[in-house]
Amino acid sequence: MPQAERRHLISIDDLSDEELRHIALRGAEFSAGSADDARPLADTVVGVLFRKTSTRTRTAFSAGALRLGARLITYGPGDLQENTGETVEDSAAVLSRMIDVLVARTAGPEHELRAYAAQRRMAVVNAMSQGEHPTQALADLTTLLRRFGRIEDLHVIYVGEGNNTASALALALSRFPGTRLTLRTPPGYGVAPEYLERAAVSAKRSGARIEERHDMADLPAADVVYTTRWQTTGTVKPTADWREVFAPFQVTEKTMASSPDAVFMHDLPAHRGEEVTADVLDGPASIAFDQAENKYHSARAVLEWCAADRSSER
């Protein structure tokens, strides 16, 4: 197997501004059907490791890899010898001698994925960690490009828990000039300060705006209203009364009325009657299922970028 040095995508912050834009634009090209029919992953083996449940992300990367010409090896939560005490580093050292890309959903700390990436042969893609969901943010950027033709100067209102989807969205949108992200998160369930601080650094450089409040009063008009389910995969709420705290943050027709021209986005899966009402999710403003499809298109863009040989750039 060629011993090429691969690219990793563990965090949005692993990407330069140019790389972030390239992947989003490439995803939009795949979505529009305007990408070429080349199979750049021919003779490539992609491993797909999911320790937590997944419909969209696992299918998107599996189908995307196959469509790009790769072959797949799939691993469930109990398949690797890490369950018997082997270290992540040893697993990575072995896997990297046999496969070219590892797409991993751990729902654990980022440093575990960094350990997988501490080798030069195998690209590692974070398909969701505890703190950040970068491939979701890339699918969201692809969706915005397809809907609006741009990301710059858009205003996105995000309603709900400041989870890994919210942190990745903040890191991504903060890169684009004039973009505004308004976060409305329940008290005690905001975006982790680390991610807000990192997004603020990018926003200062780009001219974007990131704001967080813990109430639903005085919602401004926006281009997009975005929510996510209240119970994030792999997490447990620390207090028993959390549903009462989250209740005011449900997206309803009244919420959407504050932005009459806005589209509605949701990273799915959705629980109708909890974070969003059925009339919004299934209504004419919703592009949530286009957004889900774009996860497949952006996954192809991510795989194409990660599998490229970095040595050819030098």
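Note that the coordinates shown come from a computational prediction; the quantities given were computed from them, not determined experimentally. (Residues numbered from 1 in each chain as written. Predicted model: local features only at pLDDT ≥ 70, side-chain atom pairs only at ≥ 80, totals over all residues. Heavy atoms only, no water.)

**Description of unusual backbone geometry**
Put simply, the rule reads: Each helix is a run of DSSP H or I of at least 4 residues and each strand a run of E of at least 2, with the numbering of both proceeding from the N terminus. Throughout, exposure labels follow a simple rule: accessible area from a 1.4 Å probe, protein chains only, divided by the maximum for the residue type, with under 20% read as buried, over 50% as exposed, and the rest as partly exposed.
At the junction of leucine 268 and proline 269, the peptide bond is cis and its omega measures out at 5° in the coordinates. Residue placement: proline 269 occurs in the loop between strand E9 (263-266) and helix H10 (278-281). Positive phi, normally seen in glycine, also occurs at methionine 128, with a value near 145°. Note that methionine 128 resides in strand E4 (residues 123-128). For methionine 128, a relative accessible area of 4% corresponds to the buried category.

**Section: the nonpolar core**
Keep this limit in mind: The term nonpolar core refers to a set of buried residues drawn from Ala, Val, Leu, Ile, Met, Phe, Trp, Tyr and Cys, joined through side-chain atoms within 4.5 Å. Contact definition: two residues touch when any of their heavy atoms are within 4.5 Å.
Ranked by size, the top nonpolar core spans 58 residues in total, and within it Val103, Leu138 and Leu141 carry the most contacts. Residue contacts for valine 103: discarding those within four places in its chain leaves Val46, Gly47, Val48, Leu49, Phe50, Phe61, Val125, Ala127 and Leu303.

**Focus on the side chain of glutamate 112**
Summarising the element assignment, glutamate 112 is placed in helix H4 (residues 110-116). Among the residues examined, glutamate 112 registers a relative accessible area of 14% and is labelled buried. Once residues lying within four places of it in the same chain are set aside, the contact partners of glutamate 112 are Arg51, Glu82, Val88 and Thr106.

**Considering the UniProt feature "domain: Aspartate/ornithine carbamoyltransferase carbamoyl-P binding" (unreviewed entry) in the protein**
Heads up, the rule is: UniProt positions are given in the numbering used here, feature names are shortened, and annotations may be inferred rather than shown by experiment.
With numbering matched to this structure, UniProt assigns "domain: Aspartate/ornithine carbamoyltransferase carbamoyl-P binding" (unreviewed entry) to residues 7-144. The span residues 7-144 carries 39% helix and 16% strand; its end-to-end C-alpha distance comes to 25 Å.

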